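Per-entry structural report
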Amino acid sequence: MGVAHLSVLDGPGPAGSGFERPVKVFEADPDLLSGVDPATARLPGDGGVVDSILVAEGPWTPPSLAEIGEGALGLLVMDGLLARTIEFAGVRSPELVGGGDLLRPWEEDSAGSLEFAAEWRVLHRATVALLDADFARRVCRVPGLSAGLLARSVARSRSLAFQLAIAHVRRAEPRVLMLFWHLADRWGRVTPSGIVVPLRLTHGTIARLICMRRPTVSAALMRLVRAGELARDRDGTWVLTGSPPDLATVVRGRRDDVAAA
């Protein structure tokens, strides 16, 4: 494993990759050690050093299992933002993936009864660590480390399930606002002006995330900005300037809409 160099990848490499470099997984993502006994947490040491790839914005083809090697745990996103989008019959449904998410893309697209296409796109330049078989063997010796990695996959699936639940909210404004608070819980940053959601999401991407039409989302965003719930910075990121929505009010509003229909 080449952990002592920083060089341009030779050959074609994974599509969209720019550089290969070593990364200290447990220093960059110390939360992985949260379930490890403090006396044991010192053991990973150099065992947490793996190769990583820097992936530029644009379409991306993740490395295959054949490229990483049998026995690999997967790909750990260290920073940046990616989208995995499923498309069928003109319908596009994205999932946002960011720092801390564990991916096994070679297992995600198994054939089923319904045909669909899946594509990856890097929205913000990303660093992806390659958790190969050597890394897997090392972490198996430290109780709690494998459980921490498994928890990342569970967290990703639950986040996606919550995103799906948001799409069931009837009215546009609470649906958009709930999405932003959900994203803030994962990637938000508290500042004096509000909670910054450091994602440059277009109106179209927001619409696809919550299963709405883009013009409807654009109108809802304008109303939320006027109401002081949301703002957009010059760099295209978003700031939550209000409070989380009252879910009881959201549900009551849905019931009232259904009763009036």
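Residues numbered from 1 in each chain as written. Predicted model: local features only at pLDDT ≥ 70, side-chain atom pairs only at ≥ 80, totals over all residues. Heavy atoms only, no water.

The next subject is a nonpolar patch on the surface. A cluster of nonpolar side chains, namely F88, V91 and F116, defines an oily patch on the protein surface of about 260 Å² accessible area. Looking at where F116 falls in the secondary structure, it is placed in the loop between strand 7 (102-103) and strand 8 (117-131). Given a relative accessible area of 37%, F116 falls into the partly exposed group. (Patch = residues over 30% accessible without salt bridge, like charges linked within 9 Å, V, L, I, M, F, W, Y side chains within 5 Å. Areas by Shrake-Rupley, 256 points an atom, 1.4 Å probe, with all protein chains shown as cover. Salt bridge = Lys/Arg side-chain N within 4 Å of Asp/Glu carboxyl O. Helix = DSSP H or I, 4+ residues; strand = E, 2+ residues; numbered from the N terminus. Buried < 20%, exposed > 50% of the residue type's maximum accessible area, 1.4 Å probe, protein only.)

Read from one edge to the other, the open sheet built from four strands follows the order 9-10-12-11, with strand pairing classed as antiparallel. Edge positions in the open sheet fall to strand 9 (189-191) and strand 11 (230-232), since each of these has one partner strand only. Sheet twist, expressed as the mean angle between neighbouring strand axes with direction ignored, is 30 degrees. As defined by bridge partners, strand 9 adjoins strand 10 (residues 194-197) across three bridges and the pair is classed as antiparallel. When the sheet's bridge partners are listed, R189 is paired in strand 10 with V196. (Pairing = 2+ DSSP bridges. Axes fitted to C-alpha atoms, helices over the stretch in contact; angles between N-to-C directions.)

Right, let's get into the side chain of H182. Along the polypeptide, H182 turns up in helix 6 (residues 172-187). You can call H182 buried: its relative accessible area is 11%. In contact with H182, not counting residues within four places along its chain, are S159, F162, Q163 and I166. (Contact = heavy atoms within 4.5 Å.)

Looking now at helix 5 (residues 145-166). In this model, helix 5 (22 residues) spans 32 Å end to end at C-alpha, consistent with the 32 Å of a helix rising 1.5 Å per residue. Among all positions in helix 5, only L145, G148, L149, R152, R156, S159, Q163 and I166 are buried. Around the axis of helix 5, the buried residues are gathered within 100 degrees of arc, so they sit on the same side. Relative to its buried face, helix 5 has exposed residues pointing more than 90 degrees away, namely A147, L150, R158 and L164. (Expected span 1.5 Å × (residues − 1). Arc of directions from axis to C-beta.)

Attention now moves to unusual backbone geometry. Positive phi values are uncommon outside glycine, yet A89 reaches one of about 50 degrees. Turning to its location among the elements, A89 is positioned in the loop between strand 5 (74-88) and strand 6 (91-98). On the accessibility criterion, A89 (81% relative accessible area) is exposed. For C211, which is not a glycine, the phi torsion comes out positive at approximately 60 degrees. Its place among the elements puts C211 in the loop between helix 7 (203-209) and helix 8 (214-226). By relative accessible area, C211 is classed as exposed at 54%.

The next point concerns the pattern of salt bridges. By the definition in use, this model includes 10 salt bridges. Between R186 and D101 there is a salt bridge, with the nearest N and O atoms lying 2.7 Å from each other. Within this pair, whereas R186 is found in helix 6, its partner D101 is found in the loop between strand 6 and strand 7, the two being separated by 85 residues in sequence. Across the pair E107 and R104 runs a salt bridge, and its minimum N-O distance is 2.7 Å. You can call E107 partly exposed: its relative accessible area is 49%. Judged by its relative accessible area of 27%, R104 falls in the partly exposed class. Taken together, the shared-partner salt bridges in this structure form one network comprising E87, R92 and E119.

Bringing the packing of helix 5 against helix 6 into the picture now. Orientation of helix 5 relative to helix 6, taken along the N-to-C sense of each, is 165 degrees, at an axis distance of 10 Å. The orientation of helix 5 relative to helix 6 falls into the category roughly antiparallel. Considering how the two elements wind past one another, helix 5 and helix 6 form a crossing that is right-handed. Side by side, helix 5 and helix 6 meet where S159, F162, Q163 and I166 of the first sit next to R175, M178, L179, H182 and R186 of the second. Residues of the contact of helix 5 with helix 6, tallied by class, amount to four nonpolar, three polar and two charged. (Parallel < 35°, antiparallel > 145°, perpendicular 65-115°, else oblique. Left-handed = near helix turned anticlockwise from the far one by under 90°. Nonpolar A, V, L, I, M, F, W, Y, C, P; charged D, E, K, R; others polar.)

Within the secondary structure, D132 sits in the loop between strand 8 and helix 4 (133-139). Despite its burial, D132 pairs with no opposite charge; the closest candidate is R138, at 5.0 Å N-O. Among the polar contacts made by the side chain of D132, one reaches the main-chain amide nitrogen of D134 at a distance of 3.3 Å. (Lys, Arg positive; Asp, Glu negative; His and termini not counted. Polar contact = N/O pair within 3.5 Å; in protein donor to acceptor, adjacent residues only side chain to side chain.)

Without other data, these values stay purely geometric and don't point to any function.
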